[in-house]
Amino acid sequence: IDQILIHQKTELLEAITGFETCNQYELRNIMGQRIFSVQERSTVCARCCCGSLRPLNLHVCDYTGREVIHFVRPLRCSSCCFPCCLQELEVQSPPGQTIGYVAQTWHPFLPKYSLMTESREPVLKVVGPCLMSSCCGDINFQVKPLCESRSVGRISKQWTGLPKEIFTDADNFGIQFPKDLDVKMKAVLLGACFLLDYAFFERSRNRTERSTVIG
């Protein structure tokens with residue numbers, strides 16, 4: 001496949017009370033068929049105290065319930081003012097075996113992330129826009145080679161309608177990538193999408209989403 005659609009499930013308790021709950025996602029192919037389900041595991045303390053920066057684990061399971069990919073996100077900073085402690089995500093497949101990393105690259109204005117192998121060798125980059133707003137339109141993050149000369153794929157945060165955008169933090173994403181991309185890099189690119197969701201679009205009714213890498 002060369003496209004994946006990611007749908008975050010709306011949590012009724014979170015929508016009504018604003019209390020942060022563990023995120024759940026469904027991954028579908030271009031035909032709308034579910035291929036994976038994703039469940040966040042984090043502590044109540046982390047969700048209440050750290051918000052969108054919280055350390056967490058994401059379990060990606062197939063239709064039989066078998067975990068096929070495991071994402072580990074440590075507690076890190078979100079601002080470019082602290083370049084020594086920027087966002088990172090470890091990708092494991094099968095769980096326990098590291099196959100790659102997603103690491104934020106310092107830049108004063110643009111959100112930039114490196115997709116790396118298990119030995120931390122950069123392979124691709126993800127570059128987002130300088131100013132992000134989901135008002136009535138999609139937000140696109142371009143997947144580029146290391147030289148950043150062209151785009152070879154895209155992560156899109158899709159507009160879900162005014163009521164859902166205002167009252168919940170449930171998001172829809174689309175990922176496009178070359179069919180011949182190494183399967184490990186496809187998993188790392190999937191991890192990049194989740195990291196972007198938490199870094200820029202995870203919020204409650206009492207918090208506004210981040211619009212830049214600064215705040």
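Our subject is the structure listed above.
Report on the accompanying structure. This one's a predicted model, so the numbers in the text were calculated from it and none came from an experiment.

## Section: the pattern of salt bridges
Next, step 1: Counting across every chain of the model gives 10 salt bridges.
Next, step 2: A salt bridge links aspartate 62 to arginine 66, with the shortest nitrogen-to-oxygen separation between them at 3.4 Å.
Next, step 3: You can call aspartate 62 buried: its relative accessible area is 13%.
Next, step 4: A residue is classified by how much of its surface remains accessible, and arginine 66, at 52% relative accessible area, is exposed.
Next, step 5: Glutamate 148 is paired through a salt bridge with lysine 112; the nearest N and O atoms lie 3.2 Å apart. Taken as a pair, glutamate 148 in the loop between β10 (139–145) and β11 (153–158) and lysine 112 in strand β8 (residues 112–117) lie far apart in primary sequence, 36 residues in all.
Next, step 6: For glutamate 148, a relative accessible area of 24% puts it in the partly exposed group.
Next, step 7: Through salt bridges that share partners, Lys9, Glu26, Arg28 and Arg34 make up one connected network.

## So, the sheet that holds β8
Remark on secondary structure: sheet strands pair via backbone hydrogen bonds, oriented parallel or antiparallel.
Next, step 1: Ordered by their spatial adjacency, 12 strands build a closed barrel running β1-β2-β3-β4-β5-β6-β7-β8-β9-β10-β11-β12, and the pairing between neighbours is antiparallel. For this sheet, the mean inter-axis angle between neighbouring strands, taken without regard to orientation, is 20°.
Next, step 2: As judged from the 5 bridges shared by β10 and β11, these two strands associate in the antiparallel manner. Bridge assignment links phenylalanine 141 to a residue of β11, and that residue is isoleucine 155.
Next, step 3: The sheet strands contacting helix α4 (residues 183–201) are β1 (3–8), β2 (24–28), β3 (34–41), β4 (56–61), β5 (67–73), β6 (88–92), β7 (98–105), β8, β9 (122–127), β10, β11 and β12 (172–176), and the helix crosses β8 at an angle near 150°.

Quick notes on the rules
Residues numbered from 1 in each chain as written. Predicted model: local features only at pLDDT ≥ 70, side-chain atom pairs only at ≥ 80, totals over all residues. Heavy atoms only, no water. Salt bridge = Lys/Arg side-chain N within 4 Å of Asp/Glu carboxyl O. Buried < 20%, exposed > 50% of the residue type's maximum accessible area, 1.4 Å probe, protein only. Helix = DSSP H or I, 4+ residues; strand = E, 2+ residues; numbered from the N terminus. Pairing = 2+ DSSP bridges. Axes fitted to C-alpha atoms, helices over the stretch in contact; angles between N-to-C directions. Contact = heavy atoms within 4.5 Å.

Limitation: the analysis is restricted to geometry and does not speak to function.
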